[in-house]
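# Observations on the model geometry
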Amino acid sequence: MLAEFLQKREGDAVGCHQIMDGVRVCRFTLAKTETVDLPVCLAPHRFEAFFCQGGCLVLERDGGRLLRVADGEILLLSDAGALCRAEISGALRGVLVTVDAQQARESLSALCRLMDLSLDIPAVRARMAARAGCAVLAETPWSGGLFACLEQMPEEEQGRYGVFKALEVLYLLCSGNALLQQEREGYGNYLMHTAAEIGAYMESHLAEKLTIPILCRRFGISQTALKVSFQRVYGTSLHRWLLGRRMRRAGELLRLPGAEISQVVRAVGYEGASQFYIAFKRYYGMTPGQYIKMSETGLRGRI
């Protein structure tokens, strides 16, 4: 998945080379902070280990479950079938190790013999299948030491070290080591809390330009994570929720004595009156002018 994405990148620091038969490593740093969709696919018999040194990667599984890979964490991927979306947010950088199990069989076997290790590829597949082909290892003392070494190594050595540690991860998968159970906990609660914060922020900043990319940059969340978590918290999309809040606020302002439509337009974040008129009529079933007259009529009736 990441390998296919990196092959098409232009203008970024991407260095890829083959370490041994069937084993390829990429060291990369994206040129700028951005949010992009990744191809949700993985070649057959492929295994990817991504050691994240910066930025953020959010994976969305079928059913809406989100997995987040951030600085100091490791993504293991053997199957993308359960993924429906993958998104990069921030200046992502790190080391990606891609292993083709068929092509690398002899190379890995020779390396394991030198180290007196037993590598059971079917067991690796079975354990990854139990995680729907995707797992994120949260920061632990083991991974902390790994990333500390990566940061201190010369760039040309980081790839080789990444391959060595990817082999270690494969070995740990075979052995069922508890280290691989250390997936990030509480990220769903964090997303819900952030979505609620974003809702409160928009409520008090309706006059500003509020777009999903702008909000994502401000709150350090990916577009996928924001859309999914906001829907769960508020029961509707961010766009529809914001439209409703702006229209209700516009109605409140138009009911005030001496209301000026041009001022209301700016107060609820619209740059042009025409867009505001269309949205207002769609929401209330009448124009702003008709709404003002109706409000004045109702006010005189109560006096």
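Residues numbered from 1 in each chain as written. Predicted model: local features only at pLDDT ≥ 70, side-chain atom pairs only at ≥ 80, totals over all residues. Heavy atoms only, no water.

## As for the packing of aromatic side chains
Summed over the entire model, instances satisfying the criterion amount to 12 aromatic pairs. When the centroid spacing of 5.2 Å and the interplanar angle of 50° are considered together, the rings of Y234 and W241 count as tilted. Assessed through its relative accessible area of 27%, Y234 is described here as partly exposed. Judged by relative accessible area, which is 7%, W241 ranks as buried. Each ring, one from F276 and one from Y277, has its centre 6.3 Å from the other, and the planes form 85°; the classification is edge-to-face. For F276, a relative accessible area of 0% gives the class buried. The exposure class assigned to Y277 is partly exposed, which follows from its relative accessible area of 34%. Of the aromatic side chains, those joined through ring pairs into one cluster are Y270, F276, Y277, F280, Y283, Y284 and Y291. (Phe/Tyr/Trp six-rings, centres within 6.5 Å; stacked < 30°, edge-to-face > 60°. Buried < 20%, exposed > 50% of the residue type's maximum accessible area, 1.4 Å probe, protein only.)

## Side note on the packing of helix α7 (residues 212–219) against helix α8 (residues 223–234)
Where α7 meets α8, the closest approach of the two axes is 9 Å, and the angle between their N-to-C directions is 100°. In terms of axis orientation, α7 runs roughly perpendicular to α8. Only Q223, L226 and K227 of α8 make contact with α7, whose side of the interface consists of I212, P213, L215 and C216. Its residues assigned to classes, the contact of α7 with α8 shows five nonpolar, one polar and one charged. (Axes fitted to C-alpha atoms, helices over the stretch in contact; angles between N-to-C directions. Helix = DSSP H or I, 4+ residues; strand = E, 2+ residues; numbered from the N terminus. Parallel < 35°, antiparallel > 145°, perpendicular 65-115°, else oblique. Contact = heavy atoms within 4.5 Å. Nonpolar A, V, L, I, M, F, W, Y, C, P; charged D, E, K, R; others polar.)

## A closer look at the confidence of the model for the chain
With 88% of its residues at a pLDDT of 70 or more, the chain shows a mean pLDDT of 82. Across residues 299–303, confidence stays below pLDDT 50; counting only partners more than four residues off in sequence or on other chains, it has zero contacts. (pLDDT = per-residue confidence, 0-100.)

## So, the pattern of salt bridges
Scanning the model with the defined rule gives seven salt bridges in all. A salt bridge links E155 to R27; the shortest N-O distance between them is 3.7 Å. Here the residue E155 occupies a position in helix α5 (residues 155–175), and R27 occupies one in strand β2 (residues 23–29), the gap between them amounting to 128 residues. Since its relative accessible area comes to 54%, E155 is described here as exposed. With relative accessibility at 22%, the residue R27 sits in the partly exposed group. Residue R249 pairs with E252 through a salt bridge whose shortest N-O separation is 3.1 Å. Placement of the pair is R249 and E252 together in helix α9 (residues 238–254), with a separation of three residues, close to one helical turn. The exposure class assigned to R249 is partly exposed, which follows from its relative accessible area of 36%. Overall, the relative accessible area of 38% leaves E252 in the partly exposed class. (Salt bridge = Lys/Arg side-chain N within 4 Å of Asp/Glu carboxyl O.)

## Let's talk about helix α3 (residues 121–129)
Along an α-helix, residues three or four positions apart point the same way, because every turn accommodates 3.6 residues. Taken residue by residue, α3 has A123, V124 and M128 as its buried positions. One side of α3 carries all its buried residues, which in axial view fall inside an arc of 130°. The outward face of α3, more than 90 degrees from its buried face, is lined by the exposed residues P122 and A129. Along its buried surface, α3 packs onto β4 (46–61), β6 (74–77), β8 (134–137) and α5. (Arc of directions from axis to C-beta.)

## Structural notes on the environment of R24
Here R24 lies in strand β2. In this structure R24 comes out as partly exposed when scored by relative accessible area, which is 37%. Taking the C-alpha atoms as reference points, R24 and T98, 74 residues apart in sequence, are found 5.2 Å from one another. Excluding residues that lie within four positions of it along the chain, R24 makes contacts with C16, H17, Q18, L96, V97 and T98.

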